[in-house]
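Each chain, written out:
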Amino acid sequence: MDIIVNEELKAYIDPLTADEHAALERSLLAEGCRDALVLWGNVLIDGHNRYGICSKHGIPFNTVQNTRFKSMDDVHLWMIEQHLGRRSVSDYQRGVLALRKRDILAARRRTEQEQLQRESEGESTAADTAADAADLPPWEPAPKLSKADLAREAKLSPSQVTMIEKIHDHAAVEVIEAMRSGAISLSAAATVASLPEDEQRAAARGGKEELKQAAKRVRDARRKPKAARDDDAGQTQPLGSAEAAGLEETVDSAEVQALRQRVASLTAENQALRMELDALRARFASAADSTQDAATEA
């Protein structure tokens, strides 16, 4: 069998460090390849590093087929589950994998809701369902994962998941590499990620201390203004009306935005439940009609 290496799958999980790869190579040379490589057809799913080393040194290996996969998303979810349970995976990588799982399941939920909506509106007939069976969700209902769920699966805290999401979405590559090398903490990397990308890169070029100073500057700028400030003589002066109004507007804006997001989320959930109820009613009515027709014929 000719094994196919899919580069996208190979890169889906962070590569081993040079030291980790060397240790694996020594182990395979000394003990052989004890764990079978996982395939989906001819495509290699798990064991890319072992396959590369075994091919290089002519080390025999076994393979096993996973026949449960129905789509590439199924493959991704399986890979995520496998690596979330491995101790060698870093906190950052576990967080990224958990976020990827959330995105895959969210896309599946949207597909399910669209199908329910078509059924509730009468657009999906029995003939259509039979003709388009290949396009229907071939999976079990996708659960909705909260941030707490993600944190639990990744063995992280919800605040760590929030920081990892920010780093993954906004941090420059140089900042991520500095965090992976241990130059800065997860918290500092998340803080620096709020800067424009060119400023992030400049701080990374400056090294560990410059990155720490950049994080400190961001934190200092975020501190809420005090209700009063000291002048040079040590006397206290209240905030000006414009400053106070600006502070109130900022606080109000944040609260309003949070409330709007909550209302939007609840509205979407309510709409999904309504569509599901309409679809169930339509199915029940169709089943009742079929039963009545059968009784009449009898």
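Below is a summary of the structure that appears in this document.

Definitions and limits used
Residues numbered from 1 in each chain as written. Predicted model: local features only at pLDDT ≥ 70, side-chain atom pairs only at ≥ 80, totals over all residues. Heavy atoms only, no water. Axes fitted to C-alpha atoms, helices over the stretch in contact; angles between N-to-C directions. Helix = DSSP H or I, 4+ residues; strand = E, 2+ residues; numbered from the N terminus. Parallel < 35°, antiparallel > 145°, perpendicular 65-115°, else oblique. Left-handed = near helix turned anticlockwise from the far one by under 90°. Contact = heavy atoms within 4.5 Å. Nonpolar A, V, L, I, M, F, W, Y, C, P; charged D, E, K, R; others polar. Pairing = 2+ DSSP bridges. Phe/Tyr/Trp six-rings, centres within 6.5 Å; stacked < 30°, edge-to-face > 60°. Buried < 20%, exposed > 50% of the residue type's maximum accessible area, 1.4 Å probe, protein only. Lys NZ or Arg CZ within 6 Å of the ring centre and 35° of its normal. Core = buried A, V, L, I, M, F, W, Y, C linked by side-chain atoms within 4.5 Å. Salt bridge = Lys/Arg side-chain N within 4 Å of Asp/Glu carboxyl O.

### Some words on the packing of helix α2 (residues 18-31) against helix α3 (residues 48-57)
One way to put it is that α2 packs onto α3 with a least axis distance of 10 Å and a crossing angle of 55 degrees. With respect to α3, the element α2 is oriented oblique. Note on packing geometry: the crossing formed by α2 with α3 is right-handed. Residues His21, Leu24, Glu25, Leu28 and Leu29 of α2 lie in contact with α3, whose contacting residues are Asn49, Arg50, Ile53, Cys54, Lys56 and His57. Residues belonging to the contact of α2 with α3 are distributed by class as follows: 5 nonpolar, 3 polar and 3 charged.

### A word on the sheet that holds strand β3 (residues 63-65)
An order of β2-β1-β3 is seen for the 3 strands of this open sheet, with the pairing classed as mixed. This sheet does not close on itself; its edge strands, each paired only once, are β2 (43-46) and β3. Pairs of neighbouring strands in the sheet enclose a mean axial angle of 45 degrees, with direction left out of account. Packing of α3 onto the sheet brings it into contact with β1 (37-40) and β2, and relative to β2 it is tilted by some 120 degrees. The sheet contacts of helix α4 (residues 72-84) involve β1 and β2, and relative to β2 the element is tilted by about 30 degrees.

### Topic: the pairing of β1
Across 3 bridges, the pairing between β1 and β3 is parallel. Paired with Val38 across the bridge in β3 is Val64. In sequence, β1 turns back onto β2 through a hairpin of 2 residues, with Gly41 there showing a positive phi of about 70 degrees.

### Focus: the packing of aromatic side chains
As enumerated under the stated definition, the model contains 3 aromatic pairs in all. Consider the rings of Trp40 and Phe69, whose centres lie 6.0 Å apart with planes at 80 degrees: the pair is edge-to-face. Taken together, the positions of Trp40 in strand β1 and Phe69 in the loop between β3 and α4 put the pair 29 residues apart, joining distant regions of the chain. Between the aromatic rings of Tyr51 and Phe61, the centroid separation amounts to 5.8 Å while the plane-to-plane angle is 85 degrees, which identifies the pairing as edge-to-face. One end of the pair, Tyr51, is in helix α3; the other, Phe61, is in the loop between α3 and β3, with 10 residues separating them in the sequence. On the basis of relative accessible area, Phe61 is assigned to the partly exposed category, the value being 28%. The rings of Trp40, Phe69 and Trp78 are connected pair by pair, giving a single aromatic cluster. The cationic tip of Arg100 hangs over the ring face of Tyr12; the distance from NZ or CZ to the ring centre is 4.5 Å.

### Looking at the nonpolar core
Counting 48 residues, the largest nonpolar core has Ile45, Met79, Tyr92, Ile167, Val175, Met179 and Ile184 as the members making the most contacts within it. Mapped by element, the contributors of at least two residues to this core are β2, α4, α5 (91-120), α7 (147-154), α8 (158-170), α9 (173-180), α10 (186-192) and α12 (208-222). Filtering out sequence-adjacent residues up to four positions away, Val175 remains in contact with Ile184, Ala189, Val192, Gln200, Ala204 and Leu211.

### Brief notes about the side chain of Glu165
Secondary-structure assignment places Glu165 in helix α8. Each residue touching Glu165, except ones within four places of it in the same chain, is listed here: Leu99, Arg102 and Lys147.

### Thoughts on the pattern of salt bridges
All told, the structure shown has 19 salt bridges when counted by the stated rule. Notably, a salt bridge pairs Glu31 with Arg34, separated by 3.2 Å at the nearest N-O pair. Judged by relative accessible area, Arg34 falls into the exposed class, the value being 67%. Among the salt bridges present, the one from Asp74 reaches Arg108, with a minimum N-O distance of 2.5 Å.

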